[in-house]
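Structural features, examined
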Amino acid sequence: MTNLRSSEETINEHDVFSKVTLVYMSPNGSTRKCAELIAEQIKGEGEVLLIDLARIDSSELESIISETTLLGVGSPTYHLNMLDPVKIFLEGIPNIPINKSQGRCSFCFTTYGHVNSGKTLINMAKILHKKHYAVLGALKLRAKHFYQKSIMFPNSEDQDLILKFCETIKYRITNPIEWRKLSKMLNYQYLKVKLIYPIIQIFGSSFRVPKFNFNKDLCTSCGLCEENCPTHVIIISELPKKQKGCIYCFNCVMFCPTGAIYSDLDKVKRILKFDAKVLHEESIREII
Ligand SMILES: Cc1cc2nc3c(=O)[nH]c(=O)nc-3n(C[C@H](O)[C@H](O)[C@H](O)COP(=O)(O)O)c2cc1C
Ligand code: SF4
Ligand code: SF4
């Protein structure tokens, strides 16, 4: 038994794994697969609950999180950052007073496309740290873009790394990594993200905003767009209506069987390819 936070109380691996909650959002499924594999690896240690933010009423979250001893949070990287609903979830976690935070541990993970994982992990970890969670580590895995159907994710190397990540998390319960050291490691691409990306955004912002078109003559009111919208911003009364809060995941376009919702996905692909050239990330999968 080792002290996690150098207070009077001691904490052991068993306590930390007694109630694990993995919270994620995954419009296209890769982050979910990653969460499921992590759950698979640690389920022998204690109770593991998987929560998809697209499918839970946020009022149910508070009591679940308050009983959680190890919190894992996963987000895809969109525009070099975590998704807004994940940020809202993290910021909504009640602050644990320092004297009660003993044994509250966390980690974060992201999947990203072939551009760059940006500041997703550092930003998630910073919020967890601010809430007085001990942050044990982070994992990034390059997955695929929504249009890259032929790429296998996770492949055997991804699976091996997830296994190693779970071992690292276990190890760091009794051998914690200092926040200062971890946050420095998580800021692994400061220059690219802080300097280059804002320039790309300034020069390309109007070109980057994807437009959605809707052809009501093609709509059969089948409801697939509403069903597959992770942020529930499409409501079908007779015809679909889009409210505020769209994260531009393109699920509605991809799932619409008639092409009634349409966006120029070739343009999106061109933008992502350009970004990948400029912001290319060397290490494609990593435990931090
Ligand atoms: C609107 C949008 C923005 C994206 N931005 C990035 C990005 O900045 N960097 C990157 O590497 N991948 C980016 N991607 C790709 C996703 O990060 C990648 O597909 C991720 O694995 C999706 O996770 P999911 O399958 O759990 O939804 C973006 C995808 C979309 C749809
Ligand atoms: S409206 Fe479409 S693009 Fe926007 S979040 Fe919903 S499914 Fe994704
Ligand atoms: S998926 Fe397409 S056809 Fe079905 S309700 Fe939505 S817009 Fe209409």
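This text goes with the structure placed above it.
So, here's what we can say about the structure. (Residues numbered from 1 in each chain as written. Chains lettered and ligands numbered in written order. Predicted model: local features only at pLDDT ≥ 70, side-chain atom pairs only at ≥ 80, totals over all residues. Heavy atoms only, no water.)

Next up on the list: the site of ligand 2. Taken together, the neighbourhood of ligand 2 is formed by 14 residues, with Cys229, Thr231, Cys246, Cys249 and Cys252 sitting nearest. The residue inventory of the shell around ligand 2, partitioned by class, reads eleven nonpolar, two polar and one charged. (Near = heavy atom within 4 Å. Nonpolar A, V, L, I, M, F, W, Y, C, P; charged D, E, K, R; others polar.)

A word on the site of ligand 3. Not every one of the 15 residues close to ligand 3 is listed here, only the nearest: Cys219, Cys222, Gly223, Cys225 and Cys256. Of the residues contributing to the shell around ligand 3, the split by class is eleven nonpolar, four polar and no charged.

Of all seven residues in strand E3 (residues 70-76), seven are buried, a share of seventy percent or more. Residues of E3 alternate between two faces, with Leu70, Gly72, Gly74 and Pro76 on one and Leu71, Val73 and Ser75 on the opposite face, all of them buried. For E3 and strand E4 (residues 105-112), the ladder comprises seven bridges, and the chain directions are parallel. Its bridge partner being in E4, Leu71 is matched across the sheet by Ser106. (Buried < 20%, exposed > 50% of the residue type's maximum accessible area, 1.4 Å probe, protein only. Helix = DSSP H or I, 4+ residues; strand = E, 2+ residues; numbered from the N terminus. Pairing = 2+ DSSP bridges.)

With that settled, consider the pattern of salt bridges. A full pass over the atoms with the stated rule returns eleven salt bridges. Here Asp52 makes a salt bridge to Arg32, at a shortest N to O gap of 3.2 Å. Of this pair, Asp52 sits in strand E2 (residues 47-52) while Arg32 sits in helix H2 (residues 30-42); the two residues are 20 residues apart in sequence, bridging distant segments of the chain. The shortest N-O distance in the salt bridge between Lys140 and Glu281 comes to 2.4 Å. Here the residue Lys140 occupies a position in strand E5 (residues 134-142), and Glu281 occupies one in the loop between helix H11 (265-279) and strand E10 (285-287), the gap between them amounting to 141 residues. Overall, the relative accessible area of 1% leaves Lys140 in the buried class. Several salt bridges converge on common partners, so that one network encompasses Lys19, Glu47 and Glu67. (Salt bridge = Lys/Arg side-chain N within 4 Å of Asp/Glu carboxyl O.)

Reading across from one edge, E2-E1-E3-E4-E5-E10 is the order of the six strands in this open sheet, with mixed pairing throughout. Every other strand in the sheet has two partners, leaving E2 and E10 as the edge strands with one partner each. Between one strand axis and the next, the sheet turns by 15° as a mean value, whatever way the strands run. Sheet strands in contact with helix H3 (residues 58-67) are strand E1 (19-24), E2 and E3, and its direction is about 135° off that of E1. (Axes fitted to C-alpha atoms, helices over the stretch in contact; angles between N-to-C directions. Contact = heavy atoms within 4.5 Å.)

Let us now look at the environment of Gly72. Along the chain, Gly72 turns up in strand E3. Residue Gly72 is classed as buried on the basis of its relative accessible area, which comes to 0%. With 65 residues separating them in the primary sequence, Gly72 and Gly137 have C-alpha atoms 9.8 Å apart. What Gly72 contacts, discounting residues up to four positions off in sequence, is Thr21, Leu22, Val23, Phe107 and Phe109.

Checked against the element boundaries, Ile234 lands in strand E7 (residues 234-236). C-alpha of Ile234 to C-alpha of Gly245: the two residues are eleven residues apart in sequence and 9.7 Å apart in space. If we skip the residues at most four places from it in the chain, Ile234 touches Cys225, Glu226, Cys229, Pro240, Lys241, Lys242, Cys252 and Ile261.

This brings us to the state of the cysteines. Using the criterion set out here, one finds zero disulfides in the structure. Its sulfur unpaired, Cys108 is 11 Å from the next cysteine sulfur, which belongs to Cys34. Classification of Cys108 by relative accessible area gives buried; the value is 0%. With no disulfide of its own, Cys166 has Cys34 as its nearest cysteine by sulfur position, at a separation of 8.8 Å. (Disulfide = S-S within 2.5 Å.)

Quick look at helix H5 (residues 120-130) now. Taken as a whole, H5 has its buried residues at Thr120, Leu121, Ile122, Met124, Ala125, Ile127 and Leu128. Elements in contact with the buried residues of H5: E3, helix H4 (84-92), E4, E5 and helix H7 (179-186). At the exit of H5 stands His132, carrying a positive phi of roughly 70°.

Don't take any of this as a statement about function, it's just geometry.
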